[in-house]
Amino acid sequence: LDYLHDGSIPDRFEVAHLMGIALDPAPLVVSWHPVTLDEQICHETDPFFEALEDVAGPIVFCFPNADAGSRQIRDQAQRFCAKRKDSHIFVNLQHRIYWGLLRQASAIVGNSSSGIMEAPALQLPCLNVGRRQQGRQRSRCVIDVPAQRDAIAEGIERVRTQEFRDSLA
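As the structure is a prediction and not an experimental result, all values here were calculated from the model.

Re the overall build of the chain
- The secondary structure content of the chain amounts to 8 helices and 6 strands.
- At 15 Å, the chain has a C-alpha radius of gyration in line with the 15 Å of a compact globule built from 169 residues.
- Oriented by its inertia axes, the alpha-carbon framework of the chain measures out at about 40 × 35 × 30 Å.
- Looking at the chain as a whole, 49% of its 169 residues qualify as buried.

What to know about the nonpolar core
- Counting 53 residues, the largest nonpolar core has Phe-48, Phe-49, Leu-52, Phe-61, Leu-127 and Val-129 as the members making the most contacts within it.
- Among residues more than four places away in sequence, those in contact with Leu-52 are Leu-28, Val-30, Ile-59, Phe-61, Phe-80, Arg-84 and Ile-156.

Topic: the confidence of the model for the chain
- Of all residues in the chain, 95% attain a pLDDT of 70 or more, and the chain-wide mean is 90.
- Per-element confidence in the chain ranges from a low mean pLDDT of 73 for helix α1 (residues 2–6) to a high of 97 for helix α7 (residues 149–159).

Cut-offs and rules
Residues numbered from 1 in each chain as written. Predicted model: local features only at pLDDT ≥ 70, side-chain atom pairs only at ≥ 80, totals over all residues. Heavy atoms only, no water. Helix = DSSP H or I, 4+ residues; strand = E, 2+ residues; numbered from the N terminus. Rg over C-alpha atoms; globule rule 2.2 N^0.38 Å. Buried < 20%, exposed > 50% of the residue type's maximum accessible area, 1.4 Å probe, protein only. Core = buried A, V, L, I, M, F, W, Y, C linked by side-chain atoms within 4.5 Å. Contact = heavy atoms within 4.5 Å. pLDDT = per-residue confidence, 0-100.

Put into structure tokens, the structure is as follows:
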């Protein structure tokens, strides 16, 4: 939270320039990691990516995690992005740039602690998918859904509504 507190988070123009992407319309930020308790990462990952297929608008994948199975997820995200010119992958963004991206996002979706811990500081809607963050305390900006395609798709629609965002003020 230090970057947020000291005001060193880049603005929309700087984030777009540093990342080389457009931020209008606001992107959906995806942060997805392997569920290390699962023998096969496809158990929760496949329905997640299936739900993303129907998402309209830009998507930005962020991958700082190096858990077993993360390379397979990055490969799946690269195949996803290869089919959509409005989708991008970034690995290990600098903290201040990541915070700047979150500030410009429509929502964050995935199973990362970033949605649980950082999104509330920005009043950023978060869809937390699956079991990876079970048992962690949450703010009201976080909606939890099971790792099922339809539940994820409905959750993405909900967190991207202006009504939900306004409820976080």
